Amino acid sequence: MSSGITLEELHLFHKIDRDVFTRLVVCLSRNPSESLLVLAMWLWLEEVHFPSLIDKMAKLPDEIVYKLAEEGATCLKWLESKVPPMPNDVGDMPLTAILLKRNISFNIFYQQRFTMISGIKTLLNKVCAIIFADILHQIMSGKSRIILNSPIPIPGFPHPTFGAITVVPRTLDSIIPSRDLWSWSLKTDAPVDDRTMFLTFSRGFPVTEAEVKELFNSYYGIDCVENVHMVPSGSSSDHSLYARMEVRDVSTIDQILCNGSIAKFRINGKHVWARKYERREHLDKFY
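The rules behind each value
The residue numbering used here restarts from 1 in each chain and proceeds along that chain's sequence as written. Only residues with pLDDT of 70 or above have their local features reported here, since the model is predicted, and side-chain atom pairs are shown and tallied only from 80 upward, although totals for entire chains, interfaces and linings are computed over all residues. Only heavy atoms go into the side-chain values, all of them from the structure, while hydrogens and water stay out. Put simply, a nonpolar core is a bunch of buried Ala, Val, Leu, Ile, Met, Phe, Trp, Tyr and Cys residues held in one set by side-chain atoms that sit within 4.5 Å of each other. Accessible area is worked out with a 1.4 Å probe on protein chains only. A residue is then buried under 20% of its type maximum, exposed over 50%, and partly exposed in between. Here a residue-residue contact requires only that any non-hydrogen atoms of the pair lie within 4.5 Å. Each aromatic pair joins two rings of Phe, Tyr and Trp (for Trp, the six-membered one) with centres within 6.5 Å, and gets the label stacked for planes under 30 degrees apart, edge-to-face for over 60, and tilted for any other angle. Secondary structure elements follow DSSP: runs of H or I no shorter than four residues count as helices, runs of E no shorter than two count as strands, and numbering proceeds from the N terminus. In our convention, an over-ring charge means Lys NZ or Arg CZ found within 6 Å of a ring centre and within 35 degrees of that ring's normal. Criterion for a salt bridge: a side-chain nitrogen of Lys or Arg within 4 Å of a carboxyl oxygen of Asp or Glu. Working rule for helices: expected span equals 1.5 Å times residues minus one.

A.B. asks: Please give an account of the nonpolar core that cites residues and values.
C.D. replies: Ranked by internal contacts, the top residues of the largest apolar core, which has 58 residues, are Leu36, Trp42, Ile120, Leu124 and Phe132. In contact with Trp42, not counting residues within four places along its chain, are Val20, Leu24, Leu53, Ile54, Met57, Leu68 and Ala69.

Set out below in structure tokens:
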């Protein structure tokens with residue numbers, strides 16, 4: 001039994017995705033790094049809500065595809081922002097809304113901000129980095145010396161919000177292991193940092209690990225909390241003032257923050273503040 005498929009076979013499977021990406025970066029001369037993110041976002045939409053979205057785009061003229069990419073790029077900018085967009089009942093992605101057959105807006109997507117960011121990061125590396133490598137090779141080869149089986153530097157990556165991407169050009173007969181293609185999901189492959197929140201407590205009002213789990217499991221579903229790491233205060237006090245909480249599903253973070261940057265809770269008369277955790281240069285920071 002084969003343990004994988006050739007890159008050529010994978011290209012055929014993703015022919016429509018590759019055609020649309022080629023139109024963006026070759027025919028329409030759009031920015032390659034931005035186009036990678038836009039395609040990853042469209043693939044995420046297909047994965048979770050709207051199958052055949054890219055297939056519909058492939059049948060449209062270039063000027064419409066360009067405008068759809070503009071809407072996607074603007075949506076990505078909002079996902080990077082710490083400030084949510086203003087609600088828009090009319091919808092600020094009119095062409096995308098027509099394809100999806102529903103009224104959508106940047107604010108609707110922002111409500112799933114961390115879920116989308118994590119999903120886009122996964123699709124960038126699990127799909128886009130593999131199926132678009134030769135196209136990126138073609139574009140980048142005129143700018144620097146490219147060697148097969150060596151990573152291509154993609155300007156704009158590592159991205160401050162969407163992270164790093166490893167693009168390695170391969171020959172068409174290269175075997176892509178099945179486990180790299182099919183044995184992942186947007187939920188189970190979300191990195192721990194994507195699923196982590198930073199909690200703060202009031203000095204003099206100790207909160208226990210058990211209370212943290214009880215609080216969030218009662219609001220967001222039994223067993224939604226995977227782990228809680230209480231952070232020592234570093235003072236003579238024997239209770240923690242901070243904690244890192246890992247949830248099982250990134251969507252729980254969107255539910256907790258509800259478009260904001262911080263959420264406040266109360267357990268047994270004690271306050272708990274929750275923010276999105278962010279790791280930078282080995283320091284504990286948060287959104």
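Structure shown, so let's carry the discussion forward.
A.B. asks: Outline the packing of aromatic side chains, supporting the account with residue identities and numerical values.
C.D. replies: Summed over the entire model, instances satisfying the criterion amount to seven aromatic pairs. Plain terms: the ring middles of Phe21 and Phe132 are 4.2 Å apart, the flat faces sit at 15° to each other, and that makes the pair stacked. Here Phe132 lies in the loop between helix H8 (113-131) and helix H9 (133-140) and Phe21 lies in helix H2 (residues 15-27), a separation of 111 residues in the sequence. Each member of the pair, Phe21 together with Phe132, is buried. Here Phe216 and Tyr220 contribute two aromatic rings whose centre-to-centre distance is 6.4 Å and whose plane-to-plane angle is 20°, an arrangement assigned as stacked. Residue Phe216 and its partner Tyr220 are both found in helix H11 (residues 209-220); the two are separated by four residues, about one turn of the helix. Taken together, the ring pairs connect Phe216, Tyr219, Tyr220 and Phe265 into an aromatic cluster. Sitting above the plane of the Tyr66 ring, Arg30 keeps its charged end 4.6 Å from the centroid.

A.B. asks: Describe the pattern of salt bridges, listing the residues and the values that go with them.
C.D. replies: In a structure, side chains of opposite charge can pair up when their charged atoms sit close to one another. Within the structure shown, the criterion is met by twelve salt bridges. Connected through salt bridges with shared partners, the residues Arg195, Asp223, Glu226 and Arg248 form a single ionic network.

A.B. asks: Let's hear about helix H3 (residues 32-48): which residues, and what values?
C.D. replies: For H3, which comprises 17 residues, the first-to-last C-alpha distance of 24 Å matches the rise-based estimate of 24 Å (1.5 Å per residue) to within 8%. Counting buried positions along H3 yields 13 of 17 residues, so the element is predominantly enclosed.

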